2 protein chains.
Amino acid sequence: MEIEKPTLMVDKEKAVRNIRRMLEKVSRSKRVRFRPHFKTHQSVRVGEWFRELGVTATAVSSVDMASYFAKSGWDDITVAILVNPLEINGINRLAKSVNLNLLVDSLETVIFLDRHLREKVKEKVKVWIKIDTAYHRTGMEYDRIENILATAEEIKKSRQLGFQGLLTHSGHAYHARSKGEIRQVYDDTVKKMSQVRQYLNRKGIVDVEISIGDTPTCSVVDAFYGVDEVRCGNFVYYDVMQMVIGSCEEEDIAAALACPVIGCYPQRGEIVIYGGGAHLSKESITDAEGRKLFGLVALPRKDFQGWGQTIKDTYVASLSQEHGIIKTAPGFIRRVNIGDILMVLPVHSCLTANLMKQSTKIF
Amino acid sequence: MEIEKPTLMVDKEKAVRNIRRMLEKVSRSKRVRFRPHFKTHQSVRVGEWFRELGVTATAVSSVDMASYFAKSGWDDITVAILVNPLEINGINRLAKSVNLNLLVDSLETVIFLDRHLREKVKEKVKVWIKIDTAYHRTGMEYDRIENILATAEEIKKSRQLGFQGLLTHSGHAYHARSKGEIRQVYDDTVKKMSQVRQYLNRKGIVDVEISIGDTPTCSVVDAFYGVDEVRCGNFVYYDVMQMVIGSCEEEDIAAALACPVIGCYPQRGEIVIYGGGAHLSKESITDAEGRKLFGLVALPRKDFQGWGQTIKDTYVASLSQEHGIIKTAPGFIRRVNIGDILMVLPVHSCLTANLMKQSTKIF
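Residues numbered from 1 in each chain as written. Chains lettered and ligands numbered in written order. Predicted model: local features only at pLDDT ≥ 70, side-chain atom pairs only at ≥ 80, totals over all residues. Heavy atoms only, no water.

**Student:** Quick rundown of the relation of the copies chain A and chain B? Include the residues and the values.
**Tutor:** Mapping chain A onto chain B calls for a rotation angle of 180 degrees and an axial translation of 0.0 Å; the resulting RMSD is 0.0 Å. In the structure described here, the two chain copies are related by an operation that fits a two-fold rotation axis. Among all C-alpha atoms of chain A, that of Lys282(A) lies closest to the rotation axis, at 2.7 Å. By residue overlap, the copies meet face to face through one surface: 100% of the interface positions of chain A are interface positions in chain B. (Least-squares fit on C-alpha atoms with pLDDT ≥ 70 in both. Contact = heavy atoms within 4.5 Å.)

**Student:** Outline unusual backbone geometry, listing residues and values.
**Tutor:** Residue and element names in this part refer to chain B. Within the chain, Ser 281 stands out as a residue other than glycine whose phi angle is a positive 80 degrees. As for its placement among the helices and strands, Ser 281 is situated in the loop between α10 (277–280) and β13 (285–286). Look at Ser 281 and you get buried, because its relative accessible area is 7%. Of note in this structure, Asp 313 is not a glycine but carries a positive phi near 55 degrees. Taking relative accessible area as the criterion, Asp 313 reaches 42% and is therefore assigned partly exposed. (Helix = DSSP H or I, 4+ residues; strand = E, 2+ residues; numbered from the N terminus. Buried < 20%, exposed > 50% of the residue type's maximum accessible area, 1.4 Å probe, protein only.)

**Student:** Would you mind going over the side chain of Lys126(B) in detail, with residue names and values included?
**Tutor:** Residues and elements named next belong to chain B. Its location among the elements puts Lys 126 in strand β6 (residues 125–132). Glu 123 provides the closest opposite charge to the buried, salt-bridge-free Lys 126, at an N-O distance of 4.5 Å. A distance of 3.4 Å separates a polar atom in the side chain of Lys 126 from a polar atom in the side chain of Asn 99. Beyond its immediate sequence surroundings of up to four residues, Lys 126 is in contact with Asn 99, Leu 100, Asn 101, Leu 102, Gly 162 and Gln 164. (Lys, Arg positive; Asp, Glu negative; His and termini not counted. Salt bridge = Lys/Arg side-chain N within 4 Å of Asp/Glu carboxyl O. Polar contact = N/O pair within 3.5 Å; in protein donor to acceptor, adjacent residues only side chain to side chain.)

**Student:** Please give an account of the pairing of strand β12 (residues 270–274) of chain A that cites residues and values.
**Tutor:** Residues and elements named next belong to chain A. Judged by how many residues are buried, β12 sits mostly within the fold: 5 of 5 residues are covered. Of the two faces of β12, the one carrying Glu 270, Val 272 and Tyr 274 and the one carrying Ile 271 and Ile 273 are both buried. Across 4 bridges, strand β11 (residues 255–265) lies against β12 in antiparallel orientation. By the bridge assignment for β12, Val 261 is matched with Ile 273. Here β11 hands over to β12 after 4 residues, with Gly 269 in that stretch at a positive phi of 65 degrees. Judged from the 5 bridges that link them, β12 and strand β17 (residues 323–327) form a sheet pairing that is antiparallel. If you follow Ile 271 over to β17, its bridge partner there is Ile 326. (Pairing = 2+ DSSP bridges.)

Laid out in structure tokens, this is it:
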């Protein structure tokens, strides 16, 4: 295999192992639907690996991404971002061809959908109410249950819409730094979501599903109690952030950016690679040692069929548009030459894969 | 004009005004070549605005970008990143069709080029030695002049290569927070580069050009003394970072991301837009008030023909892949509804334009 410029290398074996592991956990849990989020890989080919293992539902993060996967035969799709009313034409097109699931967190969007969804959709468009249990990005606050009830009732009144349940994304799990902390997020999320469901049940609204989605909690719990659907996505590749949080091990990371070395500076203990914010994204994380990281570094295996363990005391310390600066120890720098390839394990594989869509190789 | 999803809006009038201003400054300076960096816009159409004003030289940040502009008639191109030996085939293709300028900061790359550049190139490939005056990304340290001399002599020995001069990028100008600090960076850069040139001259190497490139210093100085070429690029659009540094005014910013509002949260003083790290990039800056910003916010003008002044006490406070959270004051939030469009002035227009290549509208 030849690599000339920054290229995202995907290890199929590791990715499929990650998928299998999550799928087995879903199977162990009773009546839980697996709806993996495809915004991480955004690839029909990687989607096939899920399909071959029996997965039929998916979540995506835009109407465009939904259309892309719909074209290759995915027909049960959640657009897992709040409805953008300006894309109603695209939403109507999707609703004609697939079993569509949407997210709302306001009465006004429900009223908008009821008015603007075309009559003859394939079947009722399913609507989830997005709940904010603690992350504070989007969602109705879990303890303002009167608002949630009013919204659920408005959905149920609509001829176009079906009320599917309550959906949350515990993005605050990303602030955790141990498996224990992550498990607490899961327990707290399920507790709050169950409270809302019980309230709706008491008010006569039954068959209310609960959907959760973040990769840290989904990776760490032993089984999915208290929920009906899991929508995690990042786990297919994982990344350095998930490793630092505690939701994966280094050997689970299934994607790395192959970067040509263009400069060596032994006097300052730094190597410069061709591979910057335009390739990795500028996502960073501060690790347990207090280092602000933009990636970890490994050596490629022969013919780029994988990579070795990450190199000690070596990390991407800063990024500009096309350059990455790797800080390292003298022992390593002596072995590296201009024209070599180093593998960078990304901090956030979703953003890296998004940037590298045109330059990805699966091995 | 209709906007349904995150779209980069480019104000041609402002951009051309920015180009004209820089061009006039170049014209005021004696015998200075203007070689604007096109990595900011990466657009043949925007390139035409430069060409119409008489610009014929350009810098780009990759071999691919060079090929893209070469195809539309640009024939004097600097690939303004250190030579990546793995792309020698692409470099040879370019050298056949354009007047090519390359960057090196090591003897080994000079030797590599001498061996691997094909014989029958259009004319000698011009080589600049990259100098590190203080930024510490790439470049030979300006005070290790023996190394620089040896590299220059090696270039001059080659039949394939022409020694063009000394090139630097004062990226540390981005740490400045006032026009005075930026001017100091310029003065210091020119002083160090001139020292190196004088040394080479004394050693018998004459006709040594000096090329500088960062937007902050190029924006702030009154004229380009002491240099032969300026390669700034960001100034065509500018951005919030340049404004915070002190290299432009708000009204110079010529690109903004139109983002649909998908959530309103008056109780926490926040608005959520469809527009995240996948659109703006995750570049941030801490402003004089200590706020970590991912963008500033303005209202669109009628039919998206521009935007108003940025809204007081309102800024993009965090980004995930597709979402942006805007922190704002109660007075503004009351005027905003789901389905509205807000304009986000990006922190780093180069990275935003790179992400939005497929979704840019010029007005």
